[in-house]
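Okay, here's what each chain looks like letter by letter:
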Amino acid sequence: MSQVTTMTEGGIVKQIVRFSIPLILGNLFQQLYNTVDSIIVGNYIGSDALAAVGSTGALINLLLAFCIGASAGAGVVIAQYYGAQDAGRIKVAVHTTIAIACVSGAFMTAFGILFAPILLRVMGTPTEIMVQSVVYLRIYFAGILFSVIYNFAAGILNAVGYSSKSLQFLILAAGSNVVFDILFVVVFRMGVEGVALATDIAQFLSFIFIMRFMTRSKELFRVNWKDVRLDGHMAGKIIKIGLPTGIQNMMISFSNVTVQSSVNSFGATLMAAYAAYVKIDGFNILPLLSFSMAATTFTGQNVGAGKYDRVRKGKWVALALSVGYTLISSTLIILFGRQIIGIFVNDPEVISLGCYILKFFCPFYFLLATMHALAGTIRGTGKTIPPMLIILVALCLFRVAWLKITLPMFGNMKWIFLVYPLSWALGAAMMALYTWKGNWRPYRKEQ
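Residues numbered from 1 in each chain as written. Predicted model: local features only at pLDDT ≥ 70, side-chain atom pairs only at ≥ 80, totals over all residues. Heavy atoms only, no water.

Novice: So what exactly am I meant to see when it comes to the pattern of salt bridges here?
Specialist: Two side chains carrying opposite charge are able to pair once their charged atoms lie near each other. Scanning all chains against the criterion turns up four salt bridges. Its salt-bridge partner being Lys307, residue Glu9 comes within 2.2 Å of it at the nearest N-O pair. With a gap of 298 residues between them, Glu9 in the segment before helix H1 (12–44) and Lys307 in the loop between helix H9 (268–304) and helix H10 (308–344) connect regions that are remote in the sequence. What makes Glu9 partly exposed here is its relative accessible area of 49%. Accessibility expressed as a relative area gives 26% for Lys307, which makes it partly exposed. Lys313 serves as the salt-bridge partner of Asp309, at 3.2 Å between the closest nitrogen and oxygen. Linking Asp309 with Lys313, this pair stays in helix H10, spanning four residues, or about one helical turn. Judged by its relative accessible area of 36%, Asp309 is partly exposed. Assessed through its relative accessible area of 46%, Lys313 is described here as partly exposed. One salt-bridge network, held together by shared partners, links Asp309, Arg312 and Lys313. (Salt bridge = Lys/Arg side-chain N within 4 Å of Asp/Glu carboxyl O. Helix = DSSP H or I, 4+ residues; strand = E, 2+ residues; numbered from the N terminus. Buried < 20%, exposed > 50% of the residue type's maximum accessible area, 1.4 Å probe, protein only.)

In structure tokens:
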């Protein structure tokens, strides 16, 4: 296992940064090819098409987030086994994880294709963009199996500190997505069908790249398709740890569906502006999730190795890195927001609304950073239920209640976007309190 990164020895700051950078770049490249979709749609098809593609994002994330959260459970289990150098259980956990991915991906494909129109109607998608939204969503879900397997496989590599490889595969996929976007939309004029098809091809290629690597590897995470099966005990352990995170992610996505429905009620122009800003938002949120994953992996490996002093220090390092990143990125978005949103669409009204929206997000990302960094550390110990409950209350229940109460009372779009900084503040406060007072540590003394 000489090529794999062990996070139980050496400088903590250097290790977390070295592990996080490929994750951050990988997430940014993933966001990049989603962003390219929006840029090409907004400039070559139109703002209605941009609204149609944007309106499907919350639904896609609702289903995909559950599987990605569940894969985090596999990551914690594998990281702890790796820290303890338990080769036999690593092998069983890896093949059980791939089996879970195959089953989950197949279910999501069927569900998304069959129920796309119903789900979009429930969200209140405007009639004028319904046809394009359904077409995009169905084509997207036709290839989501490959995305699910890729994300589970990347979680395995990240758990053993091999985050640089998944970065390489995402770069290749992002590049192919750009090429096929241009080919299908700009050259062949295929509309939203071409955008969705380009994404499917990119997801398929990322799946091919990562599985080719893992089936040929000599490391303990090597995948042999003949060994892919659900081991009952291991699957139970992975699900026990991963299910709370999966439910948490799904509920957050559900709250975002509620937000999207509220945005939809104000018409296609606001939908297009919100769709454009959400792409920018990803460049802030995804690095925070990367630092959180780094904290989870770092904590998991060191808990497995019994090195609890490193867990304490790693918590503060992840927190400082997350908050520091948001302060820099938020400042840049505030300064250049109009120019950035203008990349997606050339409609002045849409650009102005996008700049209005960013004012509710950018000054407050440090609160989200605090919540995710602390949650990542706690999850690495195997305690996934308390962070889940905190995030559910703050980012789901509070948001839904806020929108249901304030919009009927005031009917102004600002009440939609106020829910984000307020929910982040609530989540950060609750997570900090639990980190300080809660019974999550696998050791008796904090200091």
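Back to the write-up after that little detour.
Novice: What exactly am I supposed to notice about the nonpolar core here?
Specialist: Across soluble globular proteins, you tend to see nonpolar side chains buried next to one another. With 121 residues, the main nonpolar core has Ile210, Met214, Phe221, Phe361 and Phe417 as its most contacted residues. The element that contributes the greatest number of residues to this core is helix H2 (residues 47–83), accounting for 18 residues. Residues contacting Phe417, with those up to four places away along its chain left out, are Val263, Leu270, Tyr274, Tyr356, Ile357, Phe360 and Phe361. Membership of the second largest hydrophobic core comes to eight residues, among which are Ile12, Leu23, Ala294 and Phe298. (Core = buried A, V, L, I, M, F, W, Y, C linked by side-chain atoms within 4.5 Å. Contact = heavy atoms within 4.5 Å.)

Novice: Sorry, what's going on with empty space enclosed by the protein here?
Specialist: To find leftover empty space, one rolls a probe the size of a water molecule over the atoms. In the structure shown here, the tally under the stated rule is two cavities of 30 Å³ or more. One number sums up the size of the second largest cavity: a volume of about 30 Å³. Ala72, Gly75, Val76, Met293, Thr296 and Thr297 together form the lining of the second largest cavity. Elements that contribute at least two residues to the lining of the second largest cavity include exactly H2 and H9. Of the residues that constitute the lining of the second largest cavity, the class distribution is three nonpolar, three polar and no charged. (1 Å grid on protein atoms, 1.4 Å probe; cavity = no way out; pocket = protein on both sides within 12 Å on 5 of 7 lines; lining within 4 Å. Points joined across faces, edges and corners; volume = space filled by probe spheres on them. Nonpolar A, V, L, I, M, F, W, Y, C, P; charged D, E, K, R; others polar.)

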